[in-house]
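Summary of the model geometry
This is what each chain is made of:
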Amino acid sequence: MATITLKGNPFQTNGELPKVGTKAPNFSLRTVELGTTSLADFSGSKVILNIFPSVDTGTCATSVRTFNKSASELNNTKVICVSRDLPFAHARFCGAEGIDNVISVSDISGDFSTAYGLKITEGPLADLSSRSIVVLDENGTVLYTEQVSETVDEPNYKAAINAVK
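Cut-offs used in this document
Residues numbered from 1 in each chain as written. Predicted model: local features only at pLDDT ≥ 70, side-chain atom pairs only at ≥ 80, totals over all residues. Heavy atoms only, no water. Helix = DSSP H or I, 4+ residues; strand = E, 2+ residues; numbered from the N terminus. Rg over C-alpha atoms; globule rule 2.2 N^0.38 Å. Buried < 20%, exposed > 50% of the residue type's maximum accessible area, 1.4 Å probe, protein only. Contact = heavy atoms within 4.5 Å. Areas by Shrake-Rupley, 256 points an atom, 1.4 Å probe, with all protein chains shown as cover. Polar contact = N/O pair within 3.5 Å; in protein donor to acceptor, adjacent residues only side chain to side chain. Core = buried A, V, L, I, M, F, W, Y, C linked by side-chain atoms within 4.5 Å. Patch = residues over 30% accessible without salt bridge, like charges linked within 9 Å, V, L, I, M, F, W, Y side chains within 5 Å. Salt bridge = Lys/Arg side-chain N within 4 Å of Asp/Glu carboxyl O.

Further remarks concern the overall build of the chain. If you tally the helices and strands in the chain, you get four helices and nine strands. The order of helices and strands in the chain, counted from the N terminus, is β-β-β-β-β-α-β-α-β-α-β-β-α. In terms of overall dimensions, the chain is globule-like: its C-alpha atoms have a radius of gyration of 14 Å, near the 15 Å expected for 165 residues. When its C-alpha atoms are laid out on the principal axes, the chain stretches across 40 × 35 × 30 Å. By the burial criterion, 52% of the 165 residues in the chain qualify as buried. Considering only contacts in the chain between residues 6 or more positions apart, those separated by 24 or more positions represent 66%. Split by element, the accessible area of the chain, about 7,400 Å² in all, is 49% carbon and sulfur.

Structural data, given as structure tokens:
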């Protein structure tokens, strides 16, 4: 388990992020078109997984906007924004914000957050995902991870982007 905070109050996650150098756990996530996508769909591309509690919060929305701006400049890299929000919320947010350089998906089942060890197990954000970044190479091997210790803080965008360069 990892300890994170929300405005200084500590909470636990169900595990630890995948270790650098290991293969990332497979996933099946719901697209805004209500289809599914899996890790295999991104084989051959580097992947930045931008994971957060809810697209309807300020810091989470900022992370999607920031990665959307950077994604068009990254070679052979897909940025996937993941939260437990419904696909409809992802579609609404991306449509209203003009977000078109990232792939926004829903972990509606919670299986992704559980497998990646970032499901918050207690407190007001219980069952949501801890703000985290996981960067993968073209073969699904973990290159970089960050679990943001204070939930209201932004991730280290520069480190995540440098991991795919």
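Moving on from the coordinates now.
This next bit is on the side chain of T37. You can see T37 is positioned in strand 4 (residues 36-38). Here D41 takes part through its side chain, which lies 2.9 Å from a polar atom of the side chain of T37. The residues touching T37, leaving out its near neighbours within four places in the chain, are F27, S28, L29, T31, F42 and V105.

Phi is positive for N76, close to 50 degrees, though the residue is something other than glycine. What makes N76 partly exposed here is its relative accessible area of 40%.

Along the chain, the position of F27 falls in the loop between strand 2 (9-12) and strand 3 (28-31). Between the alpha carbons of F27 and A163 there is a distance of 21 Å; along the sequence they are 136 residues apart.

Attention shifts here to the environment of A61. Assignment of secondary structure puts A61 in helix 1 (residues 58-71). Along the backbone, A61 and E97 are 36 residues apart, and their C-alpha atoms lie at a distance of 9.5 Å.

A few words on the nonpolar core. Core analysis: the largest hydrophobic core is formed by 23 residues, its most contacted members being I48, V64, F67, V79 and V102. Secondary-structure elements contributing two or more residues to this core are helix 1, strand 6 (77-83), helix 2 (87-97), strand 8 (132-136) and helix 4 (157-163). Apart from the residues within four sequence positions on either side, F67 is in contact with I48, N50, V79, V102, I133, Y157, A160 and I161. A24, I80, F112 and L118 belong to the second-largest nonpolar core, a separate cluster that totals 18 residues.

Take a nonpolar patch on the surface next. Together, L34, L86, F88 and I108 line one region of the surface with nonpolar side chains, adding up to about 390 Å² of accessible area. Tracing the sequence through the fold places I108 in the loop between strand 7 (103-106) and helix 3 (111-115).

Turning our attention to the pattern of salt bridges. Any two side chains of opposite charge can pair if their charged atoms end up close together. In this structure the tally under the stated criterion is three salt bridges. Residue D56 pairs with R92 through a salt bridge whose shortest N-O separation is 2.7 Å. In this pair, D56 sits in the loop between strand 5 (46-51) and helix 1 while R92 sits in helix 2, placing the two residues 36 residues apart along the sequence. Owing to a relative accessible area of 49%, D56 belongs among the partly exposed residues under this scheme. A residue is classified by how much of its surface remains accessible, and R92, at 44% relative accessible area, is partly exposed. Note that D127 is salt-bridged to K119, the shortest N-O span being 3.6 Å. Residue classification places K119 among the partly exposed positions, given a relative accessible area of 23%.

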